[in-house]
Amino acid sequence: MFVSFFPRPRLLLSSFVAWALFCVLAWYLLAKGAGPDLSLGDLFGYGFPAAPGTGADDAAKAAFKAATDDAMTFWFYQYFIAAIGLFTGSWMFFARHPWQRWSVGGSALMLFINGFLVELDVRINDWFGSFYDLVQKALGKASSVEPSAYYLEIATFLKIALVYVIVATVFRFFVSHFIFRWRTAMNAYYTALWDKLRHIEGAAQRVQEDTMRFASISEDLGASLMDSLMTLIAFLPLLWALSAHVRELPIVGPVSQGLVFVAIFWSIIGTTLVAVAGMKLPGLQFRNQRVEAAYRKELVYGEDHAERAQPATLRELFQNVRKNYFRLYFHYLYFNVVRISYLQVGALVPYIALGPAIIGGSLTLGIMQQIVRAFGRVESSFQYLVNSWTTIIELLSIHKRLKAFEATLAGEPLPDIDRRYLEQSFADP
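In the annotation of an unreviewed UniProt entry, the chain is listed under the name Peptide antibiotic transporter SbmA and assigned to Marinobacter halodurans.

Okay, here's the thing in structure tokens:
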């Protein structure tokens, strides 16, 4: 499933995790402050500006902050590209693989584009703050805001959104090709060893359909995980800074940086609840594929043998399909009650946490919007398992089917379910 496309997949993943942690720590501890000395921004018009004098007016200070933010963003992307390039180049040189340009290089490109999209999301979050402060000012006093200023803010959002739409569309186009290349690699790998795999129940379906679904779902989950991690890296410090405006939480009382801990605590509760509620679903999904395969197999035999696929046999096999689906529906019933209830209540959590600050009038509308949006991004990132659990269940059931291929190629015994089907197939006339 992985070795067909990725070079030494376990080592690749573990080394990436270690390298990513190192790079994140190095950025905050060393590299971030080295931007004025190391950045190439001066060559492209994004150099770090000189600090304004002590008597500078508000406009000069705002211009200095905007220029500094742009210079820091440009420096961050230099650091980001260097970190990705070093890791990717090392793996492509020292662990060559036929699919390395797509598996290693493609994954690196998706990581970079995902980081860029998250940065645009941060800029949109900043826009919410300034726009809603402008709205609050306009609603507080008639004609206090010039029409040009109001529509200029809207135009700013449209400019950021247009870039986001174009990049996200190209990103999804590239991901589609990435998934098909992964499927192609698995297909070539399994079909080259077809003589060893053809006796496994549903081998044709596993090669044709399961490889496609496995690559597609794995990439969707991988992209979601990548997005969650990048969002945490970008929004967690932002939420930490915004938490300075909130000095008190309901019930808890005065607390420092409370919103960050509320997001973490609430996410842990949701992940635990959903994991417990969905514990039985992967096995049921696998059994569902098994009874569907048995029913389909009998129908296929009936195409070539008149004595097969008799009505009584088909009724019995379809009854097994019906029984398993009804069990699956029942378990999804309480699973969805837990998951949907948690997500609905979660929409109120930031407003509950901000209750004392809102009632006390210590927040502007813009800051409140920034906090709520940043809180939602951080909370959603921590809730990766909650949001992806149903997809993970489907992936686990497909993984169980493809594991029979892996066991055969490794010379290991087949899983019990596959052995039973193999014995039954040899008993068939």
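### Side note on a nonpolar patch on the surface
A cluster of nonpolar side chains, Leu13, Phe16, Val17 and Leu21, forms an exposed patch at the surface whose accessible area comes to about 370 Å². Note that Phe16 resides in helix α1 (residues 9–29).

### Brief notes about the nonpolar core
Leu117, Trp182 and Phe335 are the most contacted members of the largest nonpolar core, which has 45 residues in total. Contributions of two or more residues to this core are made by α3 (58–94), α4 (100–140), α5 (147–192), α7 (203–242), α8 (258–277), α9 (281–304), α10 (311–346) and α14 (384–409). In terms of residue count, α5 provides more of this core than any other element does, 12 residues in total. Phe335 has contacts with Val274, Ala277, Gly278, Leu281, Trp389 and Thr390, leaving out every residue within four places of it along the chain. In terms of nonpolar packing, the next biggest core, distinct from the first, is built from 34 residues, Val118, Leu239, Ile367 and Met368 among them.

### Topic: unusual backbone geometry
Residues other than glycine seldom take positive phi values, yet Arg8 does so here, at roughly 45 degrees. Considering the arrangement of structural elements, one finds Arg8 in the segment before α1.

### Overview of the confidence of the model for the chain
The predicted model of the chain has a mean per-residue pLDDT of 81, with 89% of residues at 70 or higher. Per-element mean pLDDT across the chain ranges from 49 in helix α15 (residues 416–427) up to 90 in α1. Long-range and interchain partners of residues 421–429, a stretch whose pLDDT sits below 50, account for 12 contacts in this model, where long-range means more than four residues apart.

### Examining the packing of α8 against α10
Packing of α8 against α10 leaves a shortest axis separation of 9 Å and a crossing angle of 170 degrees. Put simply, α8 runs roughly antiparallel to α10. Note on element contacts: α10 touches α8 through Tyr334, Phe335, Val338, Arg339, Tyr342, Val345 and Gly346, opposite Trp266, Ser267, Gly270, Leu273, Val274 and Ala277. For the contact of α8 with α10, the class distribution of residues is 9 nonpolar, 3 polar and 1 charged.

### Some details on the UniProt feature "transmembrane region" (unreviewed entry) in the chain
Within this structure's numbering, the places UniProt gives as "transmembrane region" (unreviewed entry) are residues 74–95, 102–118, 154–175, 221–243, 255–277 and 348–368. Along residues 221–243 one finds 96% helix and 0% strand; the C-alpha atoms at either end are 30 Å apart. Taken end to end, residues 348–368 has its terminal C-alpha atoms 14 Å apart, with 67% of it in helix and 0% in strand.

### Some thoughts on the packing of α3 against α4
Put simply, α3 and α4 touch, their axes get as near as 10 Å, and they point 165 degrees apart. Taken as axis vectors, α3 and α4 run roughly antiparallel relative to one another. Pair α3 / α4 crosses with right-handed handedness. Note on element contacts: α4 touches α3 through Gln100, Arg101, Val104, Gly105, Ala108, Leu111, Phe112, Gly115, Phe116, Glu119 and Arg123, opposite Asp70, Thr73, Tyr77, Phe80, Ile81, Ile84, Thr88, Trp91 and Met92.

Here is what the cut-offs are and how they apply
- Residues numbered from 1 in each chain as written.
- Predicted model: local features only at pLDDT ≥ 70, side-chain atom pairs only at ≥ 80, totals over all residues.
- Heavy atoms only, no water.
- Patch = residues over 30% accessible without salt bridge, like charges linked within 9 Å, V, L, I, M, F, W, Y side chains within 5 Å.
- Areas by Shrake-Rupley, 256 points an atom, 1.4 Å probe, with all protein chains shown as cover.
- Salt bridge = Lys/Arg side-chain N within 4 Å of Asp/Glu carboxyl O.
- Helix = DSSP H or I, 4+ residues; strand = E, 2+ residues; numbered from the N terminus.
- Core = buried A, V, L, I, M, F, W, Y, C linked by side-chain atoms within 4.5 Å.
- Buried < 20%, exposed > 50% of the residue type's maximum accessible area, 1.4 Å probe, protein only.
- Contact = heavy atoms within 4.5 Å.
- pLDDT = per-residue confidence, 0-100.
- Axes fitted to C-alpha atoms, helices over the stretch in contact; angles between N-to-C directions.
- Parallel < 35°, antiparallel > 145°, perpendicular 65-115°, else oblique.
- Nonpolar A, V, L, I, M, F, W, Y, C, P; charged D, E, K, R; others polar.
- UniProt positions renumbered as here; feature names shortened; annotations may be inferred.
- Left-handed = near helix turned anticlockwise from the far one by under 90°.

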